[in-house]
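# An overview of the molecular structure
Listed below, chain by chain, are the residues.
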2 protein chains.
Amino acid sequence: MTKKPETAPPPTVIEEIKPQVDGGRFAVKRVIGEDVVVTAACYAHGHERVACAVRYRGPGDKDWRESVMEPLGNDLWGAAFNVGRQGRWEYTVGSWIDHLGTWRDGFVRRVDPDDIRLAARIGAGLVGRASALCGKADCERLEPWAKILREDDDIERLRATAMDEELFELARANAPRDGLSQSEPLAITVDRERARFSTWYELFPRSCGPVGKHGTFADVDERLDEIAALGFDVLYLPPIHPIGRERRKGKNNATTSQPGDVGSPWAIGSREGGHTAILQDLGTATDFKHLIMATRARGMEIALDIAFQCAPDHPWVAQHPEWFAKRPDGSIQYAENPPKKYQDIYPLDFDTPAWRSLWQALRDVFLHWVREGVAIFRVDNPHTKPFPFWEWVIAEVKRDHPDVLFLAEAFTRPHVMHRLAKLGFTQSYTYFTWRTTKAELVEYFTELSADDSREYFRPNCWPNTPDILPYHLQNAGLATFRIRLVLAATLAASYGMYGPAFELGDNRPREPQSEEYLDSEKYQLRHWDRERPDSLAPLVARLNAFRRDHPAMQTDWSLVFHPTDNDSLLAYSKRQGDDRVLVVVNLDPHNVQSGFVNVAMEKLGLDVGVAYGVDDMLSGTRHTWYGSRNFVSLDPARAAAHVFAIA
Amino acid sequence: MTKKPETAPPPTVIEEIKPQVDGGRFAVKRVIGEDVVVTAACYAHGHERVACAVRYRGPGDKDWRESVMEPLGNDLWGAAFNVGRQGRWEYTVGSWIDHLGTWRDGFVRRVDPDDIRLAARIGAGLVGRASALCGKADCERLEPWAKILREDDDIERLRATAMDEELFELARANAPRDGLSQSEPLAITVDRERARFSTWYELFPRSCGPVGKHGTFADVDERLDEIAALGFDVLYLPPIHPIGRERRKGKNNATTSQPGDVGSPWAIGSREGGHTAILQDLGTATDFKHLIMATRARGMEIALDIAFQCAPDHPWVAQHPEWFAKRPDGSIQYAENPPKKYQDIYPLDFDTPAWRSLWQALRDVFLHWVREGVAIFRVDNPHTKPFPFWEWVIAEVKRDHPDVLFLAEAFTRPHVMHRLAKLGFTQSYTYFTWRTTKAELVEYFTELSADDSREYFRPNCWPNTPDILPYHLQNAGLATFRIRLVLAATLAASYGMYGPAFELGDNRPREPQSEEYLDSEKYQLRHWDRERPDSLAPLVARLNAFRRDHPAMQTDWSLVFHPTDNDSLLAYSKRQGDDRVLVVVNLDPHNVQSGFVNVAMEKLGLDVGVAYGVDDMLSGTRHTWYGSRNFVSLDPARAAAHVFAIA
């Protein structure tokens, strides 16, 4: 015979709790000040009413707070709470039998006087149980109420008494929670706001100097006002460490370098130091600290590149040979993707028995730069390192530094990209870089903004990177660059560009089948003519200012696509409270495209019968639109898009 | 400092395992002989290839068997295994790094001879690790292979050696499973085939006697050949227990009964006994056993009604007052749904502190009838008893009697119906009873056949029950009954009817707003004229024979709806291997409806260019159809539907 359980299991059911990621295996993500809207199916057998509540607590809290859940129909319930501090929050759903509610449901439907009197006595008993659990003041209010239900025989008075909403709710709030089920706690990672809304500019400091000279942190300092004026808030620097001299790559990735070649910043480490050192040509630790402070003073911050790989002359190669794999001939295994060899790079061997000391050393790299004042890391190729390492190291860093943000530079298969986001990366690079058609953009951004994955995957969209000059930008004109800029800046709450290559429309690939830039800054200094009259910088500045001014632009979740009758016209809106933005992009860089936009007015909270103004922040013109169907015509030679604020 | 884990966590990920119910909280369901197709996302970081396998075992098995998973693309993998015995099965997914696969992936792409030689040495090491783990015979095959890779310098020979598929797979099958992740076991409840495919006939034995006389089990015996000829395989009897005399209901649910009134079989228990006793008017335990054997001899079986509630004179009321709730006046709480009172029924009090003895007594009711030879229970209103009770009692019964099937008679909210199915009920009543329009039927049966809930929710569709004469059948003609019959018999692998009321077209409600039958058999004997020439019995027999002859009719999962250009024409197909059935129903009982059916030929595995025969089993006619678009016209006065076997 099966052993019977010692107490009757609770009869209440809690199912379908949202949000949650993989049944609670991973945390959902929010930023400070956001609401967490929790829904769940809560019910019991038969006609038993249930009540339910969300309990939640913030980092360091011992006690739980509680938010009563309201019925949404079909046995679903919902409640919201606000997360006001960064760090790790928890929440759980509880559900119990609402005996008082069940009792009054029936009570109001009874007609037979004897039946009503008996039912009143039952109610008195339930109120008595609540009264026994509550404070003196509440008790003194409930007792007289229970007394009437217990003793009175007057039907009308009993009815009126039972219907006293205030006392009923007081009793219900204090009633014992019979049959309580409580879900396992679920976690929320709460970040500062920049986790959700950020505007990135990637820059090679070494190209910031005068023509022909290696740039320095001081040169970047001088650039800061200009970058701030463009409206960026994150300045992301490729690795700033000493660059390997052994097997250094030459210009355009040549396997042998010439004297004076500066090498790739991702070939990290030399006699002068490794991941915690600074390339002398850029400056000193003091210079770097100064740059950090100067950036911060302008409302921006520095994001540092973390690439866990070593040049052959990285100090770790000699100090920690146990962290590198050996080939059968005794040589150290370089990076490769056969038949390609990357002999200037030694990957770290995460399969090493010395994995503990390796993990700790890598964590200490993060902690070093955190101490130096860096609070954003763009992590290079995280998908080539084991997943458990990332879960561990991000938790390690965020435990004492919850303000630190991590951007995963993983351009790889969907499951892998999602896994990295689940493991703790704050933001993720996306496939936006290669999504160009209307159908592709609608499908992909619907996924990013509306799928369950939005609970953990925060997109950061880039039209280009130093590694990727996508095919559609190769040899393309500035009209194409404008389109990609508007899309990135208005579809995504976080986006970035690699400049000045982007705003100057650098469009030359190293070779036809490659997405590498010709004369890539990865291997040489470049001087950029930022004064060129056709620079997209003014458009960048205008878009970024618009993003700052409009809360609707600062979130991904409100994105709605609106039908157009032209496949070259992409229309979408975002909304935050009363702030409403409508964007219509001409995806064709060569031809004027015209057509009707069918504005889904109810999704924007617009009255069908009322005219509305649309202010184009790009052209500075204002139109008045009536109803949902409106004509637009866009000439790519003049403007990629209408970016409308709806007034 | 966070304590570091003792060993490096496995780098392989296993996600999205299907099938599973609520993350493994509940078992999925299959019948003997079915395949379980398991899919999962399995992957690791970077370019590491993974291998994965499903492990599974049947009831009583100590050892696991294994089925290697094949890649399906996008990091998804799949494998199938067959469940050949009833009872509880388990399965789990394992995934590990496929070092040999990763190695050969790179090996075939290498071009530099020195590089190839070094890589061959690495491969030799991997083969050596596999060889160390395998049996002598395998080892003797692998060693010479490894030797070539280890020692040979000839590039072509090394290439050819590495490409030896047979030895490569042998090595891979024996390789150590580095970085192994193993999922938590998931459960499968495997039932006998009748769990999936069953045809039910509900009958009041007391109406089976000669006119004016109380029918007996012996009368039912004499009806068995006829019922078997109609093609039913489950004969479901309302409760057969002594019926309460206290507060017995009269005809048409009158609150007072007249002498001679037989009462409701669901008012269970009297002086003569309770849930394990038999109403003397029906016969003895021996008579019942004889009925069971006679039913079985005809390839059918008896399903018994289990209604856990008591008449006021049920022996438990006196013997176990602790199992019943008391009202404040000391009286026992009768069933009620205010203002309605069901004073002839005492519900059991599942909140009693004596819940253990109550649960055990109820379990013993099931076990009593199992010993008497009953293996199917239709459970009355399971949704009014606590969920944990059902999970426990069904597991208790099935532990020693895995052949027992449970049908949940819960017509209630969706979450509650699904929960009961998850908890272990083999089959469930459905909303089919009230789904009449094309849109409703397509939506509901798409849910039943294609949603994830099909893993645990097995529908059993009824056009009527003794409790439900749905509005569309009230005062309706036989054309409507034919439509509902064809829909139930061909949409659902399991269906049932309450007869002879159904096949004789009983259409009179007790009152206009009620779904109760007038002169319901629940409260009185009825004599049915089964010889009536307009009886639907011949159609029932033809449909049920078709169901038996066509494997396609015996499963729900293959259902596909095909578009028609007439909202009164519903077209759908089912398929099992080469057996293909196409049904076109005219949902309009009053008018001839015509239109084109657009057969989704690829879903039926039909060649677009090849004509196919459609044999109508209702009319006996045969047509030849060409292509997908075909014209049909159905006159409800003559036939509700085409039921085509596709030849």
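Look up a bit, the structure's there.
Before going into details, it helps to say that this report is about the structure given with it. (Residues numbered from 1 in each chain as written. Chains lettered and ligands numbered in written order. Predicted model: local features only at pLDDT ≥ 70, side-chain atom pairs only at ≥ 80, totals over all residues. Heavy atoms only, no water.)

Another point: the pattern of salt bridges. Residue and element names in this part refer to chain B. If you walk through the whole model with that rule in mind, you get 107 salt bridges over all chains. Among the ionic pairs, Asp 98 bridges to Arg 172, the shortest N-O distance being 2.5 Å. Here Asp 98, found in the loop between strand S8 (87–97) and helix H1 (99–107), pairs with Arg 172, found in helix H5 (residues 165–174); they are 74 residues apart in sequence, far enough to count as distant. Classification of Asp 98 as buried rests on a relative accessible area of 4%. Residue classification places Arg 172 among the partly exposed residues on the basis of a relative accessible area of 22%. In this structure, Arg 530 and Glu 226 form a salt bridge, with 2.7 Å as the shortest nitrogen-oxygen distance. (Salt bridge = Lys/Arg side-chain N within 4 Å of Asp/Glu carboxyl O. Helix = DSSP H or I, 4+ residues; strand = E, 2+ residues; numbered from the N terminus. Buried < 20%, exposed > 50% of the residue type's maximum accessible area, 1.4 Å probe, protein only.)

All names here are of chain A. The sheet contact formed by strand S27 (residues 612–616) and strand S28 (residues 622–625) spans four bridges and is antiparallel. Its bridge partner lying in S28, Val 614 is registered against His 623. In textbook terms, the turn of a hairpin is the stretch between consecutive antiparallel strands, and for S27 and S28 this stretch comprises five residues, one of which, Gly 620, has a positive phi near 80°. (Pairing = 2+ DSSP bridges.)

What follows concerns the relation of the copies chain A and chain B. Related by rotation about an axis and a shift along that axis, the two copies of the chain form a pair. Overlaying chain A with chain B gives an RMSD of 0.0 Å, the required rotation being 180° about an axis along which the chain moves by 0.0 Å. Taken together, these values place the two copies in the relation of a two-fold axis. For chain A, the minimum C-alpha distance to the rotation axis belongs to Gly 23 of chain A and amounts to 3.5 Å. Comparing contact sets, 100% of the residues at the interface of chain A also lie at the interface in chain B, consistent with an isologous, same-surface contact. (Least-squares fit on C-alpha atoms with pLDDT ≥ 70 in both. Contact = heavy atoms within 4.5 Å.)

Strand pairing in a sheet relies on backbone hydrogen bonds, with the paired strands running either antiparallel or parallel. Residue and element names in this part refer to chain B. In space, the six strands of this open sheet follow the order S23-S24-S25-S30-S27-S28, with antiparallel pairing throughout. Since the sheet does not close on itself, it has two edges, and those belong to strand S23 (560–562) and strand S28 (622–625), each with one partner. Taking each pair of neighbouring strands and ignoring which way they run, the sheet shows an average axis angle of 30°. On the sheet, helix H13 (residues 478–491) packs against S23, strand S24 (569–576), strand S25 (579–586) and strand S30 (641–646) and is oriented at approximately 25° with respect to S24. (Axes fitted to C-alpha atoms, helices over the stretch in contact; angles between N-to-C directions.)

With 161 residues, the main nonpolar core has Phe 288 and Phe 377 of chain A as its most contacted residues. The leading source of residues in this core is helix H9 (residues 355–372) of chain A, at 10 residues. Beyond its immediate chain neighbours, meaning those up to four positions away, Phe 377 of chain A contacts Leu 304, Ile 306, Phe 366, Trp 369, Val 370, Val 404, Leu 405, Phe 406 and Leu 407 of chain A. Within the second largest apolar cluster, 159 residues are counted, among which are Met 69, Phe 288, Ala 307 and Phe 502 of chain B. (Core = buried A, V, L, I, M, F, W, Y, C linked by side-chain atoms within 4.5 Å.)

Inspection of the entire model under this criterion finds 78 aromatic pairs over all chains. Ring centres of Tyr 201 of chain B and Phe 232 of chain B lie 4.8 Å apart, and the angle between their planes is 40°; this geometry places the pair in the tilted category. With Tyr 201 of chain B in strand S11 (residues 198–202) and Phe 232 of chain B in the loop between helix H6 (217–229) and strand S12 (234–237), this residue pair connects regions lying 31 residues apart in the sequence. An aromatic cluster of at least three residues, connected via ring pairs, comprises Phe 308, Phe 350, Trp 355, Trp 359, Phe 366, Phe 377, Phe 389, Trp 390, Trp 392, Phe 406 and Phe 425 of chain A. (Phe/Tyr/Trp six-rings, centres within 6.5 Å; stacked < 30°, edge-to-face > 60°.)

Residue-level contacts link 63 residues of chain A with 63 residues of chain B. Buried surface at the junction of chain A and chain B, summed over both partners, amounts to about 5500 Å²; 53% is from carbon and sulfur atoms. Where chain A packs against chain B, one counts 12 salt bridges. A salt bridge links Asp 75 of chain A to Arg 413 of chain B; its shortest N-O distance comes to 2.7 Å. Counting the contacts that link chain A with chain B gives 26 residue pairs in polar contact (both at pLDDT 80 or more). Elements with a contribution of two residues or more to the side of chain A that touches chain B: strand S1 (13–18), strand S3 (35–43), helix H1 (99–107), helix H2 (113–133), strand S15 (335–337), H9, helix H10 (387–400) and helix H11 (414–423) of chain A. (Buried area = accessible area lost by both parts, 1.4 Å probe. Polar contact = N/O pair within 3.5 Å; in protein donor to acceptor, adjacent residues only side chain to side chain.)

Before going further, it helps to spend a moment on the sheet that holds strand S11 (residues 198–202) of chain A. Residue and element names in this part refer to chain A. Reading across from one edge, S21-S20-S19-S18-S13-S12-S11-S22 is the order of the eight strands in this open sheet, with parallel pairing throughout. Each edge of the open sheet is held by one strand with a lone partner, namely strand S21 (459–460) and strand S22 (494–498). In this sheet, strand S13 (residues 301–306) lies alongside strand S12 (residues 234–237) in parallel orientation, the contact comprising four bridges. Residue pairing for S13: Val 234 is matched across the bridge by Glu 301.

Remember, this is a structural readout, not a statement about activity or role.
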